[in-house]
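# Analysis of the macromolecular model
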Amino acid sequence: FPEDLLALLGPARPDYRWFLVGPEGTGSFPHIDPLATSAWNAVCSGHKLWFLAPPHVPKEYLHLDPEVSAAEWFQERLPVTIASLTQH
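Residues numbered from 1 in each chain as written. Predicted model: local features only at pLDDT ≥ 70, side-chain atom pairs only at ≥ 80, totals over all residues. Heavy atoms only, no water.

## A word on the overall build of the protein chain
Looking only at helices and strands, the protein chain features one helix and zero strands. A compact globule built from 88 residues would reach a C-alpha radius of gyration of about 12 Å, whereas the protein chain, at 16 Å, exceeds it by more than 25%. Over its C-alpha atoms, taken along the principal directions, the protein chain stretches across nearly 45 × 35 × 25 Å. Counting over 88 residues, the protein chain shows a buried share of 14%. Taking contacts inside the protein chain between residues at least 6 apart in sequence as the whole, the part at least 24 apart equals 52%. Carbon and sulfur atoms make up 58% of the accessible area of the protein chain, which totals about 7,800 Å². Positive and negative charge centroids in the protein chain, built from 5 and 10 side chains respectively, lie 6 Å apart. (Helix = DSSP H or I, 4+ residues; strand = E, 2+ residues; numbered from the N terminus. Rg over C-alpha atoms; globule rule 2.2 N^0.38 Å. Buried < 20%, exposed > 50% of the residue type's maximum accessible area, 1.4 Å probe, protein only. Contact = heavy atoms within 4.5 Å. Areas by Shrake-Rupley, 256 points an atom, 1.4 Å probe, with all protein chains shown as cover. Lys, Arg positive; Asp, Glu negative; His and termini not counted. Charge placed at Lys NZ, Arg CZ, Asp CG, Glu CD.)

Now the structure itself:
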């Protein structure tokens with residue numbers, strides 16, 4: 001990336017190197033990155049499912065809940081989310 005926007009945080013800058021490994025069926029709950037960080041992601045084995053919503057979509061349409069697992073969100077809430085987005 002041409003700009004390092006996290007550098008603007010100075011000493012409050014969080015660590016910016018992560019290496020995450022997880023077993024089958026794990027994932028992050030659907031969320032909006034609080035720091036709006038940029039990242040590269042790679043899958044070494046298996047597959048990863050992403051859902052990216054345009055920035056203009058209201059949060060309530062996404063049915064976000066940190067108590068809901070990624071697998072549950074994709075199975076149960078994604079269809080509701082898509083229905084909400086296609087109605088407007």
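## Considering the environment of threonine 86
If you trace the backbone, threonine 86 turns up in helix α1 (residues 70–86). By relative accessible area, which is 61% here, threonine 86 ends up exposed. With 57 residues separating them in the primary sequence, threonine 86 and phenylalanine 29 have C-alpha atoms 23 Å apart. A distance of 3.1 Å separates a polar side-chain atom of threonine 86 from the backbone oxygen of alanine 83. (Polar contact = N/O pair within 3.5 Å; in protein donor to acceptor, adjacent residues only side chain to side chain.)

## Observations concerning the side chain of serine 84
Locating serine 84 in the fold gives a position in helix α1. Relative accessible area serves as the criterion here: at 14%, serine 84 is assigned to the buried category.

## Focus: α1
At arginine 77, α1 shows its maximal bend, which comes to roughly 50 degrees, and the proline proline 79 appears one to four places after that position. All of the buried residues along α1 are Ala70, Trp73, Phe74, Leu78, Thr81 and Ser84. (Bend = angle between axes of the 7 residues up to and from the residue.)

## What to know about the packing of aromatic side chains
For the coordinates displayed, the defined rule picks out two aromatic pairs. Consider the rings of phenylalanine 51 and tryptophan 73, whose centres lie 5.5 Å apart with planes at 50 degrees: the pair is tilted. Separated by 22 residues along the polypeptide, phenylalanine 51 in the segment before α1 and tryptophan 73 in helix α1 bring together distant segments of the chain. Looking at phenylalanine 51, the relative accessible area reads 27%, which means it is partly exposed. Judged by centre distance (5.2 Å) and plane angle (90 degrees), the rings of tryptophan 73 and phenylalanine 74 are edge-to-face. Neither tryptophan 73 nor phenylalanine 74 differs from the other in exposure class; each is buried. (Phe/Tyr/Trp six-rings, centres within 6.5 Å; stacked < 30°, edge-to-face > 60°.)

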